[in-house]
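Chain by chain, the residues:
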Amino acid sequence: MTAMAHEPMPTQDDILLEGFLALETPMGFRAELIEGEIAVTPPPDGDHEDYLSLVFEQVMQMSATAMQFSGHKGLVLSHAAGQPADHVIPGATIAPRALRLFRGAPPWMPSDGVAMVVEVTSSKPHKDRVAKRHGYARAGIPLHLLVDRSKATLTLFSDPSRDDYVGNNTAPLGKPVPLPAPFSFDLETADFL
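Residues numbered from 1 in each chain as written. Predicted model: local features only at pLDDT ≥ 70, side-chain atom pairs only at ≥ 80, totals over all residues. Heavy atoms only, no water.

Novice: Got a minute to help me understand the overall build of the protein chain in this structure?
Specialist: Along the protein chain, the regular secondary structure elements total three helices and 13 strands. Here the C-alpha atoms of the protein chain give a radius of gyration of 18 Å, agreeing with the 16 Å that 2.2 N^0.38 yields for 193 residues. Projected onto its principal axes, the C-alpha positions of the protein chain cover 75 × 35 × 30 Å. Looking at the protein chain as a whole, 44% of its 193 residues qualify as buried. (Helix = DSSP H or I, 4+ residues; strand = E, 2+ residues; numbered from the N terminus. Rg over C-alpha atoms; globule rule 2.2 N^0.38 Å. Buried < 20%, exposed > 50% of the residue type's maximum accessible area, 1.4 Å probe, protein only.)

What follows is the structure, encoded as structure tokens:
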């Protein structure tokens, strides 16, 4: 009698990840896998894009280090205990230009080398405020900038440690927020009002 090798049975996490990666969302919609849940968001409104544009403009003009910027880059983040790896698409992903992280990267790339992610609250503000922040901290992304539209604030999270950031600096929209190295400038938010 010959023993036959059997492929291991897929786990629930494997099935969830496979289903997520096979999703076909309508044009402009974003599907993300965050802390074991699939979240689909509609295309962003104009105010969302305006905030990102204002951040982008200042980073490109004032950053001490030349940066690259992507508004649609899928990132694979370290997973929360007992869940598949998070797959997120930040409002903006910013990395030092010298690294050329985006060149040749797969649709879902690791977050190594990313200097800052930017989120603008959307139709699912809890995911933007909490779940995604935890994922970015777990991945060790040094800076996470959150524009919270309903609270009219901007928060810079820094110093990731395990599941969260140790540092945070919140300012009302209209007040500057200092961005540390490698950016090394004060992000002006007067135009956010």
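Novice: What exactly am I supposed to notice about the side chain of arginine 133 here?
Specialist: With respect to the helices and strands, arginine 133 occurs in helix 3 (residues 125–138). If near-sequence neighbours (up to four positions away) are discounted, arginine 133 is found in contact with Asp128, His144, Phe157, Asp164 and Tyr165. (Contact = heavy atoms within 4.5 Å.)

Novice: Hey, could you run me through the layout of surface pockets in this one?
Specialist: In this structure, the largest pocket occupies an estimated 290 Å³ of space. Lining the largest pocket we find 22 residues, and of these Thr41, Pro42, Pro44, His48 and Ser122 sit closest to its centre. Going through the elements one at a time, strand 1 (30–34), strand 2 (37–41), strand 8 (116–120) and helix 3 are the ones with two or more residues in the lining of the largest pocket. Grouping the constituent residues of the lining of the largest pocket by class yields eight nonpolar, five polar and nine charged. (1 Å grid on protein atoms, 1.4 Å probe; cavity = no way out; pocket = protein on both sides within 12 Å on 5 of 7 lines; lining within 4 Å. Points joined across faces, edges and corners; volume = space filled by probe spheres on them. Nonpolar A, V, L, I, M, F, W, Y, C, P; charged D, E, K, R; others polar.)

Novice: Please explain the pairing of strand 6 (residues 92–96) as it appears in this structure.
Specialist: Two faces belong to every sheet, and in a regular strand the side chains alternate between them. Counting buried positions along strand 6 yields five of five residues, so the element is predominantly enclosed. In strand 6, alternate side chains face the same way, and those of Ala92, Ile94 and Pro96 on one face and Thr93 and Ala95 on the other are all buried. The sheet contact formed by strand 3 (residues 67–70) and strand 6 spans four bridges and is antiparallel. Looking across to strand 6, one finds that phenylalanine 69 is bridged to isoleucine 94. Across three bridges, strand 6 lies against strand 8 in antiparallel orientation. (Pairing = 2+ DSSP bridges.)

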